[in-house]
Amino acid sequence: MIAGTERTPLAREFFDRPVLEVAPDLLGRTLVRHTASGPLELRLTEVEAYDGPNDPGSHAFRGRTPRNEVMFGPPGHAYVYFTYGMWHCLNLVCGPEGRASGVLLRAGEIRVGAELARKRRISARHDRELAKGPARLATALDVGRALNGTDVCAGPEAPLAVLTGTPPTPDQVRSGPRTGVGGEGAPHPWRFWISDDPTVSPYRAHQPRKRRT
């Protein structure tokens, strides 16, 4: 178990900053998930930034909707969405209230509760694959739409919390194009990850979905 200042919960002020500051600063932080079966803890190793009105790749690019309401703040809350009719993805809202932005949690290393994650991720061949990718991360941590809007700054015993953890050194942080984002938002180098970490997911360019005829 991590001890000392590494167990300090991140304050709301941490999230109340521009998304391109928050996203790389989330690397190495500890995401805590309390479930009915027990706690899980994950060290974040890969994230993606989405900058609302300035970002064609963001769910909030065209304004507020019932789906993206949580993205408009206040900061420090979870935005959970359902995609492709089968997967959930977990984001952390950041930036000033009223201006939608968020960080997609793409991958991490499960350090506590791996036995619980394995039950939810039975197809994982190794523990490093338990949360390797945003849908896998949400599945491993039992994250669904019921957690949409959860305050991650409510305290370490909340359903979701983020602790100080062990951030990487600046030379370990890499950035590049976001995975699977098409259109005008494709070239933004807003994916951040810890170099050479085995839990980081591989980059995949956007592939348009084929329409059924």
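Refer to the preceding data block for the structure.
The model shown is predicted, which means the values in this text are computed figures rather than measured ones.

Asker: Help me understand the pairing of strand E2 (residues 38-50) in this model?
Answerer: For a regular strand, side chains alternate in direction, first toward one face of the sheet and then toward the other. Of all 13 residues in E2, twelve are buried; the element is thus mostly enclosed. Pairing of strand E1 (residues 30-35) with E2 involves six bridges; the strand directions are antiparallel. Considered in E2, the bridge of Arg-33 is made with Leu-40. Between E1 and the antiparallel strand that follows it, E2, lie two residues. Here E2 runs beside strand E5 (residues 102-112); their pairing, made up of nine bridges, is antiparallel. Looking at E5, one finds that Leu-42 is bridged to Ile-110. Across three bridges, E2 lies against strand E8 (residues 191-194) in antiparallel orientation. Across the sheet, Val-47 pairs through a bridge with Phe-192, a residue of E8.

Asker: Is there a simple way to think about the side chain of Arg-43 in this case?
Answerer: Assignment of secondary structure puts Arg-43 in strand E2. The side chain of Arg-43 sits in the buried core without any salt bridge; Asp-197 is the nearest counter-charge, 4.4 Å away. Within polar-contact distance, the side chain of Arg-43 engages the backbone oxygen of Thr-166 at 2.6 Å. In this structure, Arg-43 is in contact with Gly-28, Arg-29, Ala-107, Gly-108, Glu-109, Arg-111, Thr-166, Pro-167, Pro-168, Ile-194 and Asp-197, ignoring residues within four places of it in sequence.

Asker: Mind showing me how you'd approach the nonpolar core here?
Answerer: As a rule of thumb, soluble globular proteins bury nonpolar side chains together. In this structure, Phe-15, Leu-26, Leu-90, Val-103, Leu-105 and Ile-110 are the most contacted members of the largest nonpolar core, which totals 40 residues. Sorting elements by how many residues they give to this core places E2 first, with five residues. Excluding residues within four positions of it along the chain, Phe-15 makes contact with Leu-10, Val-22, Leu-26, Pro-75, Gly-76, Leu-92, Val-93, Cys-94, Gly-95, Val-152, Cys-153 and Val-162. Among the nonpolar cores identified, the runner-up in size contains twelve residues, and Val-70, Tyr-81, Val-93 and Val-181 belong to it.

Here is what the cut-offs are and how they apply
- Residues numbered from 1 in each chain as written.
- Predicted model: local features only at pLDDT ≥ 70, side-chain atom pairs only at ≥ 80, totals over all residues.
- Heavy atoms only, no water.
- Buried < 20%, exposed > 50% of the residue type's maximum accessible area, 1.4 Å probe, protein only.
- Helix = DSSP H or I, 4+ residues; strand = E, 2+ residues; numbered from the N terminus.
- Pairing = 2+ DSSP bridges.
- Lys, Arg positive; Asp, Glu negative; His and termini not counted.
- Salt bridge = Lys/Arg side-chain N within 4 Å of Asp/Glu carboxyl O.
- Polar contact = N/O pair within 3.5 Å; in protein donor to acceptor, adjacent residues only side chain to side chain.
- Contact = heavy atoms within 4.5 Å.
- Core = buried A, V, L, I, M, F, W, Y, C linked by side-chain atoms within 4.5 Å.

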